[in-house]
Amino acid sequence: MNCKKCPLNIDSPNFKPVMLKKVPLQLRALFICNDGCSIETGNKSLFDCSDLCGRDLWVLSFVGCNERFAVEKAADTLDKLVAGGHSELLCNLFENASYEVRRDLWLRMTCNYPERLYMFDTLFERESLAPLEPGQFPDEFHIYQHQMLFGRAASMTGIDDL
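The paragraphs below set out a description of the structure included in this document. (Residues numbered from 1 in each chain as written. Predicted model: local features only at pLDDT ≥ 70, side-chain atom pairs only at ≥ 80, totals over all residues. Heavy atoms only, no water.)

Okay, the packing of aromatic side chains next. Scanning the entire structure with this criterion turns up seven aromatic pairs. Measuring from ring centre to ring centre gives 4.4 Å for Trp 58 and Phe 62, while their planes differ by 40°; the resulting arrangement is tilted. In this pair, Trp 58 and Phe 62 both sit in helix α2 (residues 54-62), four residues apart, roughly one turn of the helix. An aromatic cluster is built from Phe 94, Trp 106, Phe 120, Phe 124, Phe 141 and Tyr 144, whose rings are joined through pairwise contacts. (Phe/Tyr/Trp six-rings, centres within 6.5 Å; stacked < 30°, edge-to-face > 60°. Helix = DSSP H or I, 4+ residues; strand = E, 2+ residues; numbered from the N terminus.)

Next comes the structure, spelled out in structure tokens:
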């Protein structure tokens, strides 16, 4: 997404302050992007030191509520999380997303970043699955896919069935 068109960018003509009503007043500044800030001028925002922005924080915070903007931008956030090596946040994105969003993100991940699937090792290991080696698919890859799509709910139903 172009920052000039982002509804969270205060400098954008598309800025929508009404979106921020979902956030407590004390936290609203975290979600507001200010395209005019730069490191050279000394006006650093919270995200200047990383490759993440307020939109990514919005997605991570509201994808679990199926908030429209968060769902629409989840794929862009996935790309940034993978590129930045933020495996904890990537796992958080998958854990909180609905099945439909997880499915789309998983397809994007396996098509565009199959060599980075090891970023989910924390989720796999929690379910007693072996960690993935970078760039390799295990023989039982369908088990890993099932875990990513259905998450902890899948393993809990298995326990109840015993």
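Turning to helix α4 (residues 87-96), its buried residues number three or more, namely Ser 87, Leu 90, Cys 91, Leu 93 and Phe 94. Along α4, the residues classed as buried sweep out an arc of 155° about the axis, all on the same side. (Buried < 20%, exposed > 50% of the residue type's maximum accessible area, 1.4 Å probe, protein only. Arc of directions from axis to C-beta.)

Mapping Pro 7 onto the fold places it in the segment before α1 (28-31). Take Pro 7: its relative accessible area is 6%, and that puts it in the buried class. With 26 residues separating them in the primary sequence, Pro 7 and Cys 33 have C-alpha atoms 9.0 Å apart.

For side chains of opposite charge, pairing can occur when their charged atoms come near one another. Tallied over the full model, the rule gives seven salt bridges. In this structure, Asp 56 engages Lys 80 in a salt bridge whose closest nitrogen and oxygen atoms are separated by 2.8 Å. Linking Asp 56 in helix α2 with Lys 80 in helix α3 (residues 68-84), this pair joins segments that are 24 residues apart in sequence. Relative accessible area serves as the criterion here: at 21%, Lys 80 is assigned to the partly exposed category. With a shortest N-O distance of 2.7 Å, Arg 68 and Glu 72 are connected by a salt bridge. Of the two residues, Arg 68 and Glu 72 are both situated in helix α3; the distance of four residues between them amounts to about one turn of the helix. Using a relative accessible area of 43% as the deciding quantity, one classes Glu 72 as partly exposed. One network of salt bridges, in which partners are shared, links Arg 55, Asp 56 and Lys 80. (Salt bridge = Lys/Arg side-chain N within 4 Å of Asp/Glu carboxyl O.)

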